[in-house]
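Descriptive analysis of the structure
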Amino acid sequence: SALLSGKVIVNELSAKDIELVRIPQTDPATAKPEAKAFALPELPVSIDIGKISAEHISLGPTVLGQPLEASLEASMTLAGGEADASLLLARSDTGPDGKIALTVRYTNADQRLVIDLDANEAVGGIAATKLGLPDTPSVSLQIKGDGPLSDFTADVALRTDAVDRLVGTVSLKAADDDAKGFAADLSGDLAPLFLPEYAEFFGDQVALKVAGQRWADGRLDLQQMQVAAKALQLDGKLSLAADGLPQSFDLQGKIADPYGRSVLLPSSSEQQVRVTSADLNLRYDETDQAGWSADITVMGLDREDFRASGLAIKGSGRIARVAGKRQVGGTFRFNAEGLNPTDRALADALGAVVWGDALGFWREGTGNLTLSRFNLRGEDYAAQVSGKIEGLSDAFAISGQAAAQMEDLSRVSLLTGRSLGGAASVTLTGNGSPITGAFDL
């Protein structure tokens, strides 16, 4: 009888068992995301589901990395461009306790959103395990916000073991020219979320500030990006065209310990990397002759198998569209001093100092990277290479020519496993594929 008056009323929608063995496979080629303004569907009927429940939900180990059993209770109403939904998902197996409680309300007329998310897991939960947090602490995340999407702010709080780790706000705002503005201001003590040896890198306060706007056609203007930690300062801006080509960027970064000590860099690699300092400067503006520049300096690089007192790379070039195709080209100059590999054979061959330069460019549509020039020089040797790398997105092939001169062949004796002497000059021309192993030289 309610349906005749335009109402779909469901007292209860329930299932005794829901089993998901794995995530369904999808074809990425069929996914074509498109940015559109959010709005609820305007249906000819209203929908009111009083209770949605699942007594037993079972997820296979490949879904979240470990098997999971849980129960679900929810409700939902949708009428006249307004929606109101609530959800409670609670873990029910013998694993660590976990619960997600979510309440959401949205109205098309004034684009008002109300969200209240409270998610938490006990020690050894799925989130802490998948993120690799030391000692897999208890984790909780709260997100609360109430306001129109044109001026919406949500409070965010991430905690481990009941201690604040990252708190602040995330905002959405209307911007000029139908753009959507966004901002984030988050800070906290993140060091306990990493291995103890990284505490000196992060310190007891990490801050993140981001502000920008995005258009429906894909254009992005990141007006502010600041990251600050004890040994890290990063400040930048970025503007992208609809096709992803940069219109401008300005990024400065520095890694250095306030007391001048070496800094252990966070890394997923088993091998530790330390530096005394590192400086990064990248700039580009399409209105300034489409020129870009880069200046990267690393001092006191220290790895278990390699050390260098100083490394420096400087580059400049152009980013532009040529006949409607994106093209990036540049010239690089580099030098390295105080090289000290632990491999004695490599140390003898390389020497303590190397320097050189390179010139190359990439053009959209060809799938090729052209290396017009690459020069490498050492204490008593030199090498020159030029050529082309074809099929970057497929089984790529290399073609070109290379020449090398060495005044003292004894420096590669250990590397070749033979006692060598004298001098040599070598020239190679041809092509080959590192993937297939085929070559013609």
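For clarity, every value in this text was computed on a predicted model and none was experimentally measured.

1. Considerations on the overall build of the protein chain
Helices and strands together make up the secondary structure of the protein chain, namely five helices and 27 strands. Dimensions of the protein chain, computed from C-alpha atoms along their principal axes, come out at roughly 100 × 55 × 45 Å. Going through the 441 residues of the protein chain one by one, you find that 29% of them count as buried. Counting contacts in the protein chain only where the partners sit at least 6 residues apart, residues at least 24 apart contribute 42% of the total. Carbon and sulfur atoms provide 56% of the accessible area of the protein chain, an area that totals close to 26,100 Å².

2. Side note on the pattern of salt bridges
Within the structure shown, the criterion is met by 20 salt bridges. Lys-230 is the partner of Glu-200 in a salt bridge, and the nearest nitrogen-oxygen pair spans 2.7 Å. In this pair, Glu-200 sits in helix H3 (residues 199–202) while Lys-230 sits in the loop between strand E13 (220–229) and strand E14 (232–240), placing the two residues 30 residues apart along the sequence. For Glu-200, a relative accessible area of 42% corresponds to the partly exposed category. Sharing partners across several salt bridges, the network here consists of Glu-200, Lys-230, Asp-257 and Arg-261.

3. Focus: the packing of aromatic side chains
A complete count under the given rule lists five aromatic pairs for this structure. Between Phe-201 and Phe-202 the ring centres are 5.1 Å apart and the planes differ by 80°, which places this aromatic pair in the edge-to-face class. Neither residue differs from the other here; Phe-201 and Phe-202 are each classed as buried. Cluster of aromatic residues (ring-pair linked, three or more members): Phe-194, Phe-201 and Phe-202.

Cut-offs used in this document
- Residues numbered from 1 in each chain as written.
- Predicted model: local features only at pLDDT ≥ 70, side-chain atom pairs only at ≥ 80, totals over all residues.
- Heavy atoms only, no water.
- Helix = DSSP H or I, 4+ residues; strand = E, 2+ residues; numbered from the N terminus.
- Buried < 20%, exposed > 50% of the residue type's maximum accessible area, 1.4 Å probe, protein only.
- Contact = heavy atoms within 4.5 Å.
- Areas by Shrake-Rupley, 256 points an atom, 1.4 Å probe, with all protein chains shown as cover.
- Salt bridge = Lys/Arg side-chain N within 4 Å of Asp/Glu carboxyl O.
- Phe/Tyr/Trp six-rings, centres within 6.5 Å; stacked < 30°, edge-to-face > 60°.

Interpretation note: all reported values are geometric properties and have no functional meaning in isolation.
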